[in-house]
Amino acid sequence: MNKTISFSSDIKNISVVEQLIDEINRRFNLDKDIYGNILIAVLEAVTNSVIHGNNRNPDKKVNLAFDADDKNFQFIIEDEGPGFDFENVPDPTKPINVEKPHGRGIFLMMKLSDDISFENSGRKVILKFCRK
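Residues numbered from 1 in each chain as written. Predicted model: local features only at pLDDT ≥ 70, side-chain atom pairs only at ≥ 80, totals over all residues. Heavy atoms only, no water.

(A) Molecular detail of the overall build of the chain. A tally of helices and strands in the chain yields 3 helices and 5 strands. Taken from N to C terminus, the helices and strands of the chain fall in the order β-α-α-β-β-α-β-β. Here the chain holds 132 residues, and 36% of them are scored as buried. If you take every contact in the chain between residues at least 6 apart in sequence, the share linking residues at least 24 apart comes to 62%. Per element, the accessible surface of the chain, about 7,900 Å² overall, is 47% carbon and sulfur. (Helix = DSSP H or I, 4+ residues; strand = E, 2+ residues; numbered from the N terminus. Buried < 20%, exposed > 50% of the residue type's maximum accessible area, 1.4 Å probe, protein only. Contact = heavy atoms within 4.5 Å. Areas by Shrake-Rupley, 256 points an atom, 1.4 Å probe, with all protein chains shown as cover.)

Rendered as structure tokens:
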């Protein structure tokens, strides 16, 4: 199953992504843990693209591509923003950052996915989840 969706940078469009993940869940009968990991990590990546990448600009798009093979589920999320320095994201578990209201998204994506990579100056995130 391959699927690509594109939507404007309005936080309300998160529901489109939730529907896609529910469709994937039905199609592949995901284990509840894998489903939860995918749901949280992908929604976090999309939310980051809408809010931080595209600065909620409805004229800018977020693109999400999904691909499944025998071993992995892969999600590619890309925005039209300026990118960010993904090599120097503050560690949210350090005492200086613990009480900050933001900054846990990438940490969560790293913990919940089996592989994460950034391309295009951070405008593209690739999340992989092993099929079990």
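(B) Unusual backbone geometry, seen in detail. Phi at Asn 120 is positive, roughly 55 degrees, even though this residue is not glycine. Turning to its location among the elements, Asn 120 is positioned in the loop between β4 (115-119) and β5 (124-130). In the Ramachandran plot, Ser 121 falls in the positive-phi region, its phi being about 60 degrees despite a non-glycine side chain. Position of Ser 121 among the secondary structure elements: in the loop between β4 and β5.

(C) Inspection of the packing of aromatic side chains at higher detail. Using the criterion set out here, one finds 6 aromatic pairs in the structure. Centroid distance Phe 28 to Phe 73: 5.0 Å. Interplanar angle 70 degrees. Geometry classified as edge-to-face. Separated by 45 residues along the polypeptide, Phe 28 in helix α1 (residues 14-28) and Phe 73 in strand β3 (residues 72-78) bring together distant segments of the chain. When its relative accessible area of 2% is taken as the criterion, Phe 73 is described as buried. A ring pair is formed by Phe 75 and Phe 129, whose centres lie 5.9 Å apart and whose planes are at 80 degrees; its orientation type is edge-to-face. (Phe/Tyr/Trp six-rings, centres within 6.5 Å; stacked < 30°, edge-to-face > 60°.)

(D) Molecular detail of the nonpolar core. Counting residues in hydrophobic clusters, the biggest one holds 32 residues, and the most contacted among them are Val 42, Phe 75 and Leu 127. Elements with a minimum of two residues in this core: β1 (2-8), α1, α2 (32-53), β2 (61-68), β3, α3 (105-112), β4 and β5. Element by element, the count of residues in this core is highest for α2, at 8 residues. (Core = buried A, V, L, I, M, F, W, Y, C linked by side-chain atoms within 4.5 Å.)

(E) Representation of the environment of Lys 132 in the model. Along the chain, the position of Lys 132 falls in the segment after β5. Relative accessible area serves as the criterion here: at 84%, Lys 132 is assigned to the exposed category.

(F) Local environment of the sheet that holds β3. Overall, antiparallel pairing links the 5 strands, which are arranged β1-β2-β3-β5-β4 in an open sheet. Of all strands in the sheet, those bounded by a partner on one side alone are β1 and β4. Across this sheet, the average inter-strand angle for adjacent strands is 15 degrees, counted without regard to direction. By the bridge criterion, 7 bridges tie β1 to β2 in an arrangement that is antiparallel. Across the sheet, Ile 5 pairs through a bridge with Leu 64, a residue of β2. Across the face of the sheet, α2 comes into contact with β1, β2, β3 and β5 while running at roughly 180 degrees to β5. (Pairing = 2+ DSSP bridges. Axes fitted to C-alpha atoms, helices over the stretch in contact; angles between N-to-C directions.)

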